Structure formats: C-alpha cells, structure tokens
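# Examination of the molecular architecture
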Amino acid sequence: DLKAQIGDRDLIVFDGECVLCAGFFRLITRIDRDERFAFAHAQSDLGRALFRAFDLPDDDFETNLILVDGTFFTKLDSFAAAMRAVGGPWRALAVLRFIPEPLKSWLYTRIARNRYALFGRYDTCQMPTPALRARFIDRAV
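Rules of the game
Residues numbered from 1 in each chain as written. Predicted model: local features only at pLDDT ≥ 70, side-chain atom pairs only at ≥ 80, totals over all residues. Heavy atoms only, no water. Patch = residues over 30% accessible without salt bridge, like charges linked within 9 Å, V, L, I, M, F, W, Y side chains within 5 Å. Areas by Shrake-Rupley, 256 points an atom, 1.4 Å probe, with all protein chains shown as cover. Salt bridge = Lys/Arg side-chain N within 4 Å of Asp/Glu carboxyl O. Helix = DSSP H or I, 4+ residues; strand = E, 2+ residues; numbered from the N terminus. Buried < 20%, exposed > 50% of the residue type's maximum accessible area, 1.4 Å probe, protein only. Pairing = 2+ DSSP bridges. Right-handed = clockwise from strand over helix to strand, strands pointing away. Polar contact = N/O pair within 3.5 Å; in protein donor to acceptor, adjacent residues only side chain to side chain. Contact = heavy atoms within 4.5 Å. Axes fitted to C-alpha atoms, helices over the stretch in contact; angles between N-to-C directions. Parallel < 35°, antiparallel > 145°, perpendicular 65-115°, else oblique. Nonpolar A, V, L, I, M, F, W, Y, C, P; charged D, E, K, R; others polar.

## Regarding a nonpolar patch on the surface
- On the surface, Leu20, Ile111, Leu118 and Phe119 cluster together to form a nonpolar patch covering roughly 360 Å² of accessible area.
- For leucine 20, the position within the fold is in helix H2 (residues 19-31).

## Section: the pairing of strand E2 (residues 37-41)
- Counting buried residues along E2, five of its five residues qualify, which places the element largely inside the surrounding structure.
- Taking every second residue as pointing to the same face, both faces of E2 are buried, with Phe37, Phe39 and His41 on one and Ala38 and Ala40 on the other.
- The sheet contact formed by strand E1 (residues 10-14) and E2 spans five bridges and is parallel. Bridge pairing in E2 links aspartate 10 to phenylalanine 37.
- You can see the chain leave E1, run along H2 and come back into E2, and the turn it takes is right-handed.

## What to know about the side chain of serine 78
- The residue serine 78 is located in helix H4 (residues 75-86) in this model.
- Within polar-contact distance, the side chain of serine 78 engages the backbone oxygen of lysine 75 at 2.6 Å.
- Each residue touching serine 78, except ones within four places of it in the same chain, is listed here: Asn64, Ile66 and Phe73.

## Describing the sheet that holds E1
- Spatially, E2-E1-E3-E4 is the arrangement adopted by the four strands of the open sheet, whose pairing is mixed. One side of each edge strand has no neighbouring strand; the edge strands of this open sheet are E2 and strand E4 (71-73). In this sheet, adjacent strand axes meet at a mean angle of 20 degrees when their direction is disregarded.
- Of the strands in this sheet, E1, E2 and strand E3 (65-68) are in contact with H2, which crosses E1 at around 155 degrees.
- Against the sheet, helix H3 (residues 45-53) engages E1, E2, E3 and E4, with an angle of about 95 degrees to E1.

## Some thoughts on the environment of leucine 65
- Its location among the elements puts leucine 65 in strand E3.
- Counting along the chain gives 21 residues from leucine 65 to valine 86, while the straight-line C-alpha distance between them is 16 Å.
- Those residues in contact with leucine 65, other than ones at most four positions away along the chain, are Leu11, Ile12, Val13, Leu50, Phe51, Phe54, Leu56, Phe72, Phe73 and Thr74.

## Focus: the packing of H4 against helix H5 (residues 101-113)
- Across the interface, H4 lies against H5 with an axial gap of 8 Å and an inter-helix angle of 95 degrees. Here H4 is positioned roughly perpendicular relative to H5, judged by the angle of their axes. Between H4, through Lys75, Leu76 and Asp77, and H5, the contact on the second element is made entirely by Lys104, Tyr108 and Thr109.
- Among the residues forming the contact of H4 with H5, the class breakdown is two nonpolar, one polar and three charged.

Here it is, written out as structure tokens:
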C-alpha cells in the first residue's frame, strides 16, 4: 500500500539519473534545514508505483512528484510547492505557480523532454551519503 509506505511525510520522487533532477535533489538537501522532505528515486519500485498511480509513464520520468501536506504536485508546480515548503527566501520562488497554465506547461515540457541533452545523464542513480540515505523511503539506495 503506497499510503503506508509514505506515511505522513512530505516526499520528493525524482529521476536519479537526470543531472538536472539530481541537482534539484541536492539543492533541497541543502536548503531543507528542518529535513521536512523524505526522498525516493523514480527508478525504485515505490517511485514507479507512484508514477503509475498518477497515470504518468514509469519508464521516462519527465517530472518530479512532490507531496506536500497530503497533496501531490507535478511539473513546475512541484518545484513551486517545494520552495514554498522549505520557506525562507526560497519561498519567493513559489510565485512560479502563477505563470499562466499554457505557458507554464509549454516551458516545463520543453526543458523536461530535452533535460538529458541539455544537462546530461548519470549512468546510474547517484548514491547519497549515509545521513541522506536515511531520508530515502524507497530503501533502494
């Protein structure tokens, strides 16, 4: 049961092979001083199950899935929700959620579909430090 695996935690599910997505993960680990977020790789069994639950492809991860206060977000809204959740000066970036929907989707899709060409790709998911590994709920790391 997915809800049992996640519990009441806020969660970021990200493509561990994508350099841009892994960069977002590293940013969150630096600015999330309260350690609000748990993590899962999209490539894990849990990550794939969550992508399927939202009718998203589970073999091409063009978005992060972010759970904040019981609500899942995707695409640019996921970034805005994460920034709002970590607070501080980062909260200002939540304004991105107010970009008109057609433009927001168009911009996000262009970057997401070209992320490997623009930013690169890791051959495997990057291994976090032992301290960060404890925050992964997929336990596949």
